[in-house]
Amino acid sequence: MDVIVPFAAHDPKTRLSDVLDPGERRAFARVMLADVLESIVAAGGTPHVLATRPLDHDLEALRDADPNSNRSFQSDLAGSLDSGLDVIVDDRDLTTAVNAAVATAFEGTDAFEPPVAVVMADLPLATPASLRRLLEADGEVVLAPGRGGGTNAFVSRDPSFRVDYHGVSIRDHRRNARSIGATLAEVDSRRLASDVDDREDLLEVLVHGERRAHEWLLEAGFEVATDGGDTTVVRSE
Ligand SMILES: Nc1nc2c(ncn2[C@@H]2O[C@H](COP(=O)(O)OP(=O)(O)OP(=O)(O)O)[C@@H](O)[C@H]2O)c(=O)[nH]1
Ligand SMILES: C[C@H](OP(=O)(O)O)C(=O)O
């Protein structure tokens, strides 16, 4: 299945500004994207990155601005691009860009064919198995809710389904699916629900992650600390 992966390349992950500087946020966003792309491919999907600008800038940012990045991350990312990763550049807002890309998929162009999935780039815990559950679920619209009311991924088999992100978007998307008469299903997956937005979310990646994003955080000095009954994320100097 064709899988669109929205990616904010300009100034990503602003809600992590209290723990990561701008170069680190770009680098960490790229590393999460690489984990997601790898899982999509392993789940049998064909990823198409929907980015706000060409990705070569981000490779440069990763290489030059991030002291924590290492050669293996860089070569994996470069490898993804070299192997023909499709990158759609659209600098419009997330909702507009995703709706346009999904509509293109239903036009039956050479690049895409329906059904189509959309999987966010900030899901470093997404495994091939959790994505397979999404891609293989029955339903004209299949939603994967995020913690906090967002919509971390979906599959659409209905050309008239449209998204409206931000706020409690999962409620809006359920409503949109019902309003067009589509059969609706949801995938209840902790891994797909765990988008990384703020400092608390880093705990999930440190505890449950196994790949690049997890390694990147460790190399950047993040670790889990327990203080009394509280479990927090701390960063060593
Ligand atoms: N193409 C595209 N992708 C976006 C845009 N905004 C966010 N994304 C992507 O959509 C997913 C969810 O993003 P959010 O968590 O809402 O935003 P973010 O920019 O990653 O982080 P914040 O700045 O902290 O809100 C991530 O994969 C982002 O990379 C956008 O305007 N265009
Ligand atoms: C894109 C947005 O993500 P959040 O801001 O909830 O992480 C949403 O899922 O509606």
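Bear in mind the structure is a predicted one, so any value in this text is a computation, not a measurement.

Asker: Mind laying out the packing of aromatic side chains, listing which residues take part and the relevant values?
Answerer: As enumerated under the stated definition, the model contains two aromatic pairs in all. Measuring from centroid to centroid gives 5.5 Å for F154 and F161, while their planes differ by 70°, and the two rings are edge-to-face. F161 matches F154 in its accessibility class, with the two residues each being buried.

Asker: Provide a residue-level description of the site of ligand 1, including the pertinent values.
Answerer: Not every one of the 16 residues close to ligand 1 is listed here, only the nearest: P6, A8, K13, T14 and A121. Take D122: an N or O atom from its side chain is 3.4 Å from an oxygen atom of ligand 1. Its free accessible area being 610 Å², ligand 1 has 84% of it covered by the protein chains. For the shell around ligand 1, the residue count by class is seven nonpolar, three polar and six charged.

Asker: Help me get a handle on the pattern of salt bridges, residues and values and all.
Answerer: Evaluated as defined, the whole model comprises 13 salt bridges. Residues joined by salt bridges that share partners form a network here, namely K13, R15, D122 and D197.

Asker: How would you sum up the nonpolar core? Please name residues and give values.
Answerer: Formed by 50 residues in total, the largest nonpolar core has its most connected members in V119, L134 and F154. Those residues in contact with L134 that sit more than four places away from it in its chain are V119, V142, A144, A153, F154, V155, V187 and L192.

Asker: Any chance you could break down helix 6 (residues 169–179) for me, citing the residues and the numbers?
Answerer: The complete set of buried residues in helix 6 reads S169, I170, H173 and A177. Projected down its long axis, helix 6 carries its buried residues within an arc of 100°, all on one side. In helix 6, the exposed positions that point more than 90 degrees away from the buried face belong to R178 and S179. Residues of helix 6 that are buried sit in contact with strand 5 (141–145), strand 6 (151–156) and strand 7 (184–186). G181 occupies a position one or two residues after helix 6 and carries a positive phi of about 75°.

Asker: Please provide a residue-by-residue account of the site of ligand 2, values included.
Answerer: Taken together, R15, L94, G150, T151, Y165, H166, S169, D195 and D197 make up all the residues around ligand 2. Here H166 contributes a backbone N or O atom positioned 2.8 Å from an oxygen atom of ligand 2. D195 places a polar side-chain atom, nitrogen or oxygen, 3.1 Å from an oxygen atom of ligand 2. For ligand 2, the accessible surface in isolation is 300 Å², of which the surrounding protein chains cover 85%. Classifying every residue of the shell around ligand 2 by side-chain character gives two nonpolar, four polar and three charged.

Asker: Talk me through helix 8 (residues 199–208); I want residue IDs and the actual numbers.
Answerer: Buried residues of helix 8: D201, L202, L203, V205 and L206, and no others. The secondary structure elements touched by the buried residues of helix 8 are helix 1 (22–42), helix 9 (212–219), strand 8 (222–227) and strand 9 (230–235).

Asker: Tell me what's going on with the packing of helix 1 against helix 5 (residues 128–136), and back it up with residues and numbers.
Answerer: Helix-helix packing is described using two parameters, namely the angle between the two axes and the distance between the axes. Two elements in contact, helix 1 and helix 5, have axes whose closest approach is 8 Å; the angle formed by their N-to-C orientations is 60°. Classed by the angle they form, the pair helix 1 and helix 5 counts as oblique. Two packed elements cross with a definite hand, and for helix 1 against helix 5 that hand is right-handed. Note on element contacts: helix 5 touches helix 1 through P128, L131 and R132, opposite S39, I40 and A42.

Asker: How would you sum up the environment of L33? Please name residues and give values.
Answerer: The topology assignment puts L33 in helix 1. Linking L33 and A213, residues 180 residues apart in sequence, is a C-alpha distance of 9.0 Å. Not counting the four nearest positions on each side in its chain, L33 is found in contact with V5, F7, V49, L55 and A121.

Definitions and limits used
- Residues numbered from 1 in each chain as written.
- Chains lettered and ligands numbered in written order.
- Predicted model: local features only at pLDDT ≥ 70, side-chain atom pairs only at ≥ 80, totals over all residues.
- Heavy atoms only, no water.
- Phe/Tyr/Trp six-rings, centres within 6.5 Å; stacked < 30°, edge-to-face > 60°.
- Buried < 20%, exposed > 50% of the residue type's maximum accessible area, 1.4 Å probe, protein only.
- Near = heavy atom within 4 Å.
- Polar contact = N/O pair within 3.5 Å; in protein donor to acceptor, adjacent residues only side chain to side chain.
- Areas by Shrake-Rupley, 256 points an atom, 1.4 Å probe, with all protein chains shown as cover.
- Nonpolar A, V, L, I, M, F, W, Y, C, P; charged D, E, K, R; others polar.
- Salt bridge = Lys/Arg side-chain N within 4 Å of Asp/Glu carboxyl O.
- Core = buried A, V, L, I, M, F, W, Y, C linked by side-chain atoms within 4.5 Å.
- Contact = heavy atoms within 4.5 Å.
- Helix = DSSP H or I, 4+ residues; strand = E, 2+ residues; numbered from the N terminus.
- Arc of directions from axis to C-beta.
- Axes fitted to C-alpha atoms, helices over the stretch in contact; angles between N-to-C directions.
- Parallel < 35°, antiparallel > 145°, perpendicular 65-115°, else oblique.
- Left-handed = near helix turned anticlockwise from the far one by under 90°.

These figures capture arrangement, not role.
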